[in-house]
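Below are the chains, spelled out letter by letter.
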Amino acid sequence: MRNAPSSVEQGRCPADFDFFDENTLNCPYRFYEVLQEQAPVYHLPDTNIYMVTRHADIKTLLKDTATFSNNFTEQLKGPEPSPDVTAIYARAWQPVDTLITADPPRHKTYRTLVNKVFNQKRVDAMEDYMKRIVHELIDGFIERGECDFISEFTTPLPVYVIADQLGVPRKDLRDFKRWSDSFARRLSQMATPDEQIEDAENIVAFQFYFAEMCEQRRNDPRDDMITDLVTTTIEDPDTGETRPLNMEELQSLLQQLMVAGNETTTSAITGGMVSLIQNPEQLHALTLDPAGIPQAVEEILRMESPSAGLWRVVKKETEIHGVSIPEGSLLMLRYHAANRDRALFDAPNELNIERANANDHIAFGQGIHFCPGAMLARKEMHVAFTALLSRMTHFRIDESKSDLTYWPNIVLRGLKSLHIQFDQRVD
Ligand code: HEM
């Protein structure tokens, strides 16, 4: 456990914890344990949110898409945006439900399409490109013997990779990251009024940029995902008519593909690096035998679970473990807790790169919404750790610059900062 405030570690019953409190979010492990033992479906006080923490329960609930819907946009809208923010969004394309907020049968239309354009072949073909990026990033700081690991390595890596898959030129990547951050901040619902205006401007700029890019690819097709998306056809989910994707659908898909993988992959590699540095014998074992890296990646995904919790809307009144849940309530499926469930994982708060069932984690969800970027994220993590361990050794955390606390976000989990020191390998 990192930086565990004692009150959070010592709670004995659910009421001893405030889920939204920064200390609990930072170190939720004792809270998860108490909930899994005493209240596996827990009504968060003064909200319409019910949190589910056991691995087996979440897996079962994920199958029942008729009762537990992904169409949570309305529930999460929060306070009405100011007229200024509304006016900015009105200049661009309005949101439509495609992947993450769509239910069957609508979801299948878009998911089939994404599975088609985002496949193992395309990801495998990326490997050399990923290696090049990773080594270039390492070249940028290795001589210094230290780096800001998040800004110099784990942030640019997934942005470069997804931008390249989509077909965004490198020269535009500075904008790309800014836009992506605005989507993430909107999701966290923690933006100030001024930040909401800034986010709206960024999101609208993103939309115009991609609208132009779609137009370009229609006229001049290339071997990239944007070309695939603009040249393909779908069966309209309402009328059954075969037609190309319209601009609202294209924007929705591009936004999700662009944003969903950035923060999450950044957090997985950052958190994984910390865990390995804190377990030097395991780090050493991987250095000696890099063949263990794919298994270590699964264990890191289990421990970090960067998509810490996802929403479902309860479509009809239901009861789980004796808790009655009214229609219209929100379920928070706590993937991060499930991946540390003692019923499945021994010593769940300890890194064990040889854990035989690490792969039972649900860090990428399960069922129809299972993360389509999983194979890409896994490969990025594999390539990243292989390169880091092959070029550097004696990794240390620079504690004067890294307090190892997490952003206070109830959906995404990621460390705020990580500065590391290391030696170059000379062997
Ligand atoms: C370590 C990195 C990642 C983690 C932990 C992660 C986690 C998840 C999870 C838990 C879900 C399921 C959501 C639910 O249950 O409602 C999901 C869905 C999704 N992810 Fe990822 N993801 C990662 C990387 C990526 C990447 C690299 C991409 C794309 C480039 C991506 C794109 C998506 C999309 C589009 C969905 C929605 C799928 C659907 O609703 O059918 N993710 N991800």
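Structure's up top.
Residues numbered from 1 in each chain as written. Predicted model: local features only at pLDDT ≥ 70, side-chain atom pairs only at ≥ 80, totals over all residues. Heavy atoms only, no water.

## A few points about the nonpolar core
Part 1: Residues Phe153, Leu166, Phe176, Phe210, Phe385, Leu388 and Phe395 are the most contacted members of the largest nonpolar core, which totals 94 residues.
Part 2: Top contributing element to this core by residue count: helix H19 (residues 374–391), with 10 residues.
Part 3: Once residues lying within four places of it in the same chain are set aside, the contact partners of Phe210 are Val168, Phe176, Trp179, Ile226, Gln251, Leu254 and Met258. (Core = buried A, V, L, I, M, F, W, Y, C linked by side-chain atoms within 4.5 Å. Buried < 20%, exposed > 50% of the residue type's maximum accessible area, 1.4 Å probe, protein only. Helix = DSSP H or I, 4+ residues; strand = E, 2+ residues; numbered from the N terminus. Contact = heavy atoms within 4.5 Å.)

## What about the coordination of the iron atom of the ligand?
Part 1: With respect to protein ligation, the iron atom of the ligand binds only Cys371 (SG), at 2.3 Å.
Part 2: Tracing the backbone through its elements, the reader meets Cys371 in the loop between helix H18 (335–338) and H19. (Donors = N, O, S within 2.8 Å, 3.2 Å for Na, K, Ca; no water.)

## Considering the site of the ligand
Part 1: Close contacts around the ligand come from 27 residues, with His107, Arg111, Tyr335, His369 and Cys371 the closest.
Part 2: Within the contact set of the ligand, an oxygen atom lies 3.3 Å away from a backbone nitrogen or oxygen of Ile100.
Part 3: Between an oxygen atom of the ligand and a side-chain N or O atom of His107, the distance comes to 2.7 Å.
Part 4: Those elements that place two or more of their residues in the shell around the ligand are helix H6 (106–117), helix H15 (262–278) and strand E7 (310–314).
Part 5: Across the shell around the ligand, the residue classes break down as 16 nonpolar, 9 polar and 2 charged. (Near = heavy atom within 4 Å. Polar contact = N/O pair within 3.5 Å; in protein donor to acceptor, adjacent residues only side chain to side chain. Nonpolar A, V, L, I, M, F, W, Y, C, P; charged D, E, K, R; others polar.)

## Examining the packing of aromatic side chains
Part 1: One pass over the structure, following the stated rule, counts 17 aromatic pairs.
Part 2: A centroid spacing of 5.2 Å and a plane angle of 50° characterise the contact between Trp179 and Tyr209, whose relative ring orientation is tilted. Taken as a pair, Trp179 in helix H11 (residues 173–188) and Tyr209 in helix H12 (residues 193–219) lie far apart in primary sequence, 30 residues in all.
Part 3: Taking the relative accessible area as the measure of exposure, Tyr209 reaches 17% and is therefore buried.
Part 4: Over the aromatic face of Phe345 sits the side chain of Arg302, whose NZ or CZ is 5.1 Å from the ring centroid.
Part 5: A cation over a ring is seen here: Arg413 above Tyr406, with NZ or CZ 3.6 Å from the ring centre. (Phe/Tyr/Trp six-rings, centres within 6.5 Å; stacked < 30°, edge-to-face > 60°. Lys NZ or Arg CZ within 6 Å of the ring centre and 35° of its normal.)

## Here we look at the pairing of strand E10 (residues 330–333)
Part 1: In E10, alternate side chains face the same way, and those of Leu330 and Met332 on one face and Leu331 and Leu333 on the other are all buried.
Part 2: Here strand E2 (residues 49–52) pairs with E10 via 4 bridges, running parallel. Each residue of the ladder has a partner; that of Tyr50, found in E10, is Leu331.
Part 3: Pairing geometry for E7 and E10, over 4 bridges, is antiparallel. Among the inter-strand pairings, Arg312 is bridged to a residue of E10, identified as Leu331. (Pairing = 2+ DSSP bridges.)

## Describing the environment of Asp97
Part 1: For Asp97, the location among the structural elements is in the loop between helix H5 (83–90) and H6.
Part 2: Separated by 27 residues in the primary sequence, Asp97 and Asn70 have C-alpha atoms spaced 9.6 Å apart.
Part 3: When residues no more than four places from it in sequence are discounted, the contact partners of Asp97 are Asn71, Thr73, Ala102, Arg106 and Tyr110.
Part 4: Within the local environment of Asp97, its side chain forms a polar contact with the side chain of Thr101, the two groups lying 2.7 Å apart.

## Overview of the sheet that holds strand E3 (residues 68–69)
Part 1: Overall, mixed pairing links the 5 strands, which are arranged E1-E2-E10-E7-E3 in an open sheet. Looking at which strands have only one partner, the edges of the open sheet turn out to be strand E1 (41–43) and E3.
Part 2: Contacting E2, E3, E7 and E10, helix H4 (residues 55–63) crosses the sheet at an angle of about 130° to E10. (Axes fitted to C-alpha atoms, helices over the stretch in contact; angles between N-to-C directions.)

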